[in-house]
Amino acid sequence: MNTDRKTPTEPVLTCDVGALTRPDLAVLDALARLQLAAGRQGVRLVLTNAGGPLRELLALTGLSAALPVEGRLPAQPGREAEQREEAVGVEEVGEARDPAR
């Protein structure tokens, strides 16, 4: 019998971390300890609504595998895609001695 396999009936603890806008190492320490405590009880911890800074910190510290994040990045209010006007009549000019590539 293989005990490494996750069973579909394994309990899941969902932790909404959407309010963590400026996570630091103390936050990661607390989340890692929560994951360890849950794992000791046979419960799988899943983080939801994790913002970009928390995801980046998890990746940077190598904890993204130990602390799985579920779902997409939450929307950031007030931010829109950058719009640029296309430059008209602009061509790149190289030096006469440079061969075209």
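Residues numbered from 1 in each chain as written. Predicted model: local features only at pLDDT ≥ 70, side-chain atom pairs only at ≥ 80, totals over all residues. Heavy atoms only, no water.

Structural notes on the overall build of the chain
In plain terms, the rule: In this description a helix means any DSSP run of H or I spanning at least four residues, a strand means any run of E spanning at least two, and both kinds are numbered starting from the N terminus. Residue contacts follow a heavy-atom distance rule, with two residues in contact if any of their heavy atoms lie within 4.5 Å. Each accessible area value is a Shrake-Rupley result obtained with a 1.4 Å probe; residue values ignore everything except the protein chains displayed when judging cover.
Within the chain, the regular secondary structure consists of two helices and three strands. Start at the N end of the chain and walk to the C end: the helices and strands fall as β-α-β-α-β. Nonlocal contacts in the chain, meaning residues at least 24 apart in sequence, comprise 59% of its contacts between residues at least 6 apart. Surface exposure of the chain reaches about 8,900 Å², of which carbon and sulfur atoms provide 51%.

What to know about unusual backbone geometry
Of note, the phi angle at Asn49 is positive, near 60°, even though the residue is not glycine. With respect to the helices, strands and loops of the structure, Asn49 is situated in the loop between β2 (44-48) and α2 (52-61).

Looking at the pairing of strand β1 (residues 12-16)
Operational definition: Following DSSP output, two strands are said to pair if at least two bridges run between them. Seen with the strands pointing away from the viewer, any crossover whose path from the first strand over the helix to the second strand runs clockwise is right-handed.
The sheet contact formed by β1 and β2 spans five bridges and is parallel. Within the sheet, the bridge partner assigned to Asp16 lies in β2 and is Thr48. Taken together, β1, helix α1 (residues 25-40) and β2 constitute a β-α-β crossover, and its handedness is right-handed.

Points about the sheet that holds β1
Heads up, the condition is: For helices, the axis comes from a line fit to the C-alpha atoms of the stretch in contact; other axes are also lines fit to C-alpha atoms, and the angle between any two N-to-C directions lies between 0 and 180 degrees.
Read from one edge to the other, the open sheet built from three strands follows the order β1-β2-β3, with strand pairing classed as parallel. Edge strands, defined here as strands with exactly one partner in the open sheet, are β1 and β3 (69-70). Relative to β3, β2 is paired through two bridges, and the arrangement is parallel. In the strand pairing of β3, Leu47 is matched with Val69. Contacts from α1 reach β1 and β2 within the one sheet, and its direction differs from that of β2 by about 145°.

Considerations on the side chain of Thr48
Along the chain, Thr48 falls in strand β2. Aside from chain neighbours lying at most four places away, what touches Thr48 is Thr14, Cys15, Asp16, Val17, Gly18 and Glu70.

Focus: α2
What counts, and what does not: Under the scheme applied here, a residue whose accessible area is under 20% of the maximum for its type counts as buried, over 50% as exposed, and between as partly exposed, the area being computed with a 1.4 Å probe on protein chains only.
Every buried residue of α2 is accounted for by Gly52, Leu54, Leu57 and Leu58. For α2, the secondary structure elements touched by its buried residues are α1, β2 and β3. Downstream of α2 by one or two residues, Gly62 has phi in the positive range, about 80°.

Overview of the packing of α1 against α2
Which entries qualify depends on this criterion: If an angle is under 35 degrees, it is roughly parallel; if it is over 145, roughly antiparallel; if it lies from 65 to 115, roughly perpendicular; otherwise it is oblique. Any residue that is not Ala, Val, Leu, Ile, Met, Phe, Trp, Tyr, Cys, Pro, Asp, Glu, Lys or Arg is counted as polar, Gly included; the first ten are nonpolar and the last four charged.
Direction vectors running N to C along α1 and α2 enclose 75°, while the axes themselves pass 11 Å from each other. Between α1 and α2, the interaxial angle falls into the category roughly perpendicular. Across from Leu25, Leu28 and Leu31 in α1, the residues of α2 making contact are Leu54, Leu57, Leu58 and Thr61. In terms of residue class, the contact of α1 with α2 is built from six nonpolar, one polar and no charged.

Focus on the confidence of the model for the chain
Selection criterion: Residue-level confidence of the predictor is what pLDDT reports, using numbers from 0 through 100.
Residues of the chain with pLDDT of at least 70 account for 63%, and the chain-wide mean is 80. The secondary structure element of the chain with the lowest average pLDDT is β3, at 91, and the one with the highest is α1, at 96.

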